[in-house]
Amino acid sequence: MIFSRTAVVSVLSLLALGIEGFSPSSPSSASIAQMVQDSQRYQPRTMSSLSEQMGEDDEMPDIDSPPADDYIVNVGEMESEDETTGIEDDGEPPAWAALEERMAEQRSKHRLHENDTGSPEFQVAGMTERIAYLTKHLQQHPKDFSTRRGLVALVNKRRRLLNYLVKADEKRYVDLINGLGIRHKPASRVKDREEQYSRFPKQKAVKKHLLKKKK
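Owing to the predicted nature of the structure, the values given are computational and were not obtained by experimental measurement.

Student: Can you explain the overall build of the chain? Please cite residues and give values.
Tutor: Summing up its helical and strand segments, the chain has 9 helices and 0 strands in all. Start at the N end of the chain and walk to the C end: the helices and strands fall as α-α-α-α-α-α-α-α-α. Classification of the 215 residues of the chain by burial places 17% in the buried group. For the chain, the proportion of contacts with a sequence separation of at least 24, taken over those separated by at least 6, is 43%.

Structure (structure tokens):
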């Protein structure tokens with residue numbers, strides 16, 4: 001095929017214009033800065049970037065260093081004050097401490113001698129204070145069934161001690177229940193056969209013909 005000179009020149013000029021039209025234009029400096037800023041926004045900060053941002057004069061926080069000592073609590077400091085001194089935060093002694101004081105006071109008041117630790121008076125005095133404490137506790141916590149069971153057992157044990165004391169020495173028994181304000185009904189004496197059935201009419205005499213003849 002034979003092309004004219006003008007046709008070849010026009011084709012070459014069109015090709016040059018097409019290459020320049022489809023070639024990407026060089027970005028400006030403002031667009032380059034925007035692209036760098038966007039890329040840094042979604043990248044995690046490193047130690048070097050943090051140091052550059054804070055400056056050379058600012059100190060870097062030491063992440064691996066131990067925490068300050070102002071809120072570190074030693075083992076000895078964790079004990080509450082009421083365990084050591086017996087005083088709560090409100091200034092009043094706890095209930096168990098007051099109970100121990102009342103029990104010691106009543107025991108020292110009703111014991112027989114200085115070294116007494118097992119007499120009925122000593123035991124009943126301590127039990128009475130503990131019974132009063134548990135009764136008040138159950139009024140506030142009526143569903144504490146384990147404490148209720150212990151309270152019933154304690155009352156029964158005190159009653160057995162009082163029953164023993166009334167048989168051993170009635171005067172000591174009277175002085176104890178009057179001093180502690182206990183309502184106790186002593187166990188009645190077991191009656192013999194004659195006293196038990198004396199209020200019933202005697203049986204009629206057995207007729208002789210009903211008796212078996214002795215051989």
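Further notes follow.
Student: Describe the pattern of salt bridges, listing the residues and the values that go with them.
Tutor: With the rule as written, the count across this model stands at 3 salt bridges. In this structure, Glu 121 and Arg 172 form a salt bridge, with 2.6 Å as the shortest nitrogen-oxygen distance. Of this pair, Glu 121 sits in helix H6 (residues 120-140) while Arg 172 sits in helix H8 (residues 170-180), and the two are 51 residues apart along the sequence. Among the residues examined, Arg 172 registers a relative accessible area of 28% and is labelled partly exposed.

Student: Talk me through the confidence of the model for the chain; I want residue IDs and the actual numbers.
Tutor: Considering every residue of the chain, the mean pLDDT works out to 75; 59% of them sit at 70 or more. Averaged pLDDT values over the elements of the chain bottom out at 52 in helix H4 (residues 81-85) and peak at 94 in helix H7 (residues 145-168). Counting contacts from residues 19-23, a segment whose pLDDT is below 50, to residues more than four positions away or on other chains yields 0 contacts.

Student: Which residues make up the side chain of Thr 128, and what values do they have?
Tutor: Within the secondary structure, Thr 128 sits in helix H6. Apart from residues no more than four positions distant in its own chain, Thr 128 is found in contact with Arg 158, Leu 180 and Ile 182.

Student: Could you give me a rundown of the packing of aromatic side chains, with the residues and numbers involved?
Tutor: Taken as a whole and judged by the stated rule, the model has 1 aromatic pair. Ring geometry for Tyr 197 against Phe 200: centres 6.2 Å apart, planes inclined by 40°, an arrangement best described as tilted.

Student: Tell me about the packing of H7 against H8, residues and numbers included.
Tutor: Packing of H7 against H8 leaves a shortest axis separation of 6 Å and a crossing angle of 135°. The orientation of H7 relative to H8 falls into the category oblique. For the pair H7 and H8, contact is made by Leu 162, Leu 165, Val 166 and Ala 168 and by Glu 170, Arg 172, Tyr 173, Leu 176 and Ile 177, respectively. Looking at the contact of H7 with H8 residue by residue, the class counts come to 7 nonpolar, no polar and 2 charged.

Student: Could you give an account of the nonpolar core, naming the residues involved and the relevant values?
Tutor: Val 124, Leu 162, Tyr 173, Leu 176, Leu 180 and Ile 182 are the most contacted members of the largest nonpolar core, which totals 17 residues. Those residues in contact with Leu 180 that sit more than four places away from it in its chain are Gln 106, His 110, Val 124, Ala 125 and Thr 128.

Student: Account for the packing of helix H5 (residues 95-110) against H6, naming residues and giving values.
Tutor: Running from N to C, H5 and H6 point in directions that differ by 150°, and their axes come no closer than 8 Å. By the angle class used here, H5 and H6 are roughly antiparallel. For the element pair H5 and H6, the recorded crossing hand is right-handed. Residue-level inspection shows Ala 95, Leu 99, Arg 102, Met 103, Gln 106, Arg 107 and His 110 of H5 in contact with H6, the latter providing Glu 121, Phe 122, Ala 125, Gly 126, Glu 129, Arg 130 and Tyr 133. Among the residues making up the contact of H5 with H6, the classes are represented as 6 nonpolar, 3 polar and 5 charged.

Student: Account for the side chain of Asn 163, with residues named and values stated.
Tutor: Its location among the elements puts Asn 163 in helix H7. In this view, Asn 163 contacts His 184, Lys 185, Pro 186 and Ala 187; residues no more than four positions away in its chain are not counted.

Student: Requested: an account of H6, with residues and values cited.
Tutor: Here H6 contains 21 residues, and its C-alpha end-to-end distance of 30 Å stays within 8% of the 30 Å for a straight helix at 1.5 Å per residue. In the core, the buried residues of H6 are packed alongside H5, H7 and H8.

Student: Got a sec to walk through the environment of Ser 198? Specific residues and values, please.
Tutor: Positionally, Ser 198 belongs in the segment after helix H9 (193-197). A relative accessible area of 54% places Ser 198 in the exposed class. Within the structure, Ser 198 has its side chain in polar contact with the backbone oxygen of Glu 195 (distance 3.4 Å).

What counts, and at which threshold
Residues numbered from 1 in each chain as written. Predicted model: local features only at pLDDT ≥ 70, side-chain atom pairs only at ≥ 80, totals over all residues. Heavy atoms only, no water. Helix = DSSP H or I, 4+ residues; strand = E, 2+ residues; numbered from the N terminus. Buried < 20%, exposed > 50% of the residue type's maximum accessible area, 1.4 Å probe, protein only. Contact = heavy atoms within 4.5 Å. Salt bridge = Lys/Arg side-chain N within 4 Å of Asp/Glu carboxyl O. pLDDT = per-residue confidence, 0-100. Phe/Tyr/Trp six-rings, centres within 6.5 Å; stacked < 30°, edge-to-face > 60°. Axes fitted to C-alpha atoms, helices over the stretch in contact; angles between N-to-C directions. Parallel < 35°, antiparallel > 145°, perpendicular 65-115°, else oblique. Nonpolar A, V, L, I, M, F, W, Y, C, P; charged D, E, K, R; others polar. Core = buried A, V, L, I, M, F, W, Y, C linked by side-chain atoms within 4.5 Å. Left-handed = near helix turned anticlockwise from the far one by under 90°. Expected span 1.5 Å × (residues − 1). Polar contact = N/O pair within 3.5 Å; in protein donor to acceptor, adjacent residues only side chain to side chain.

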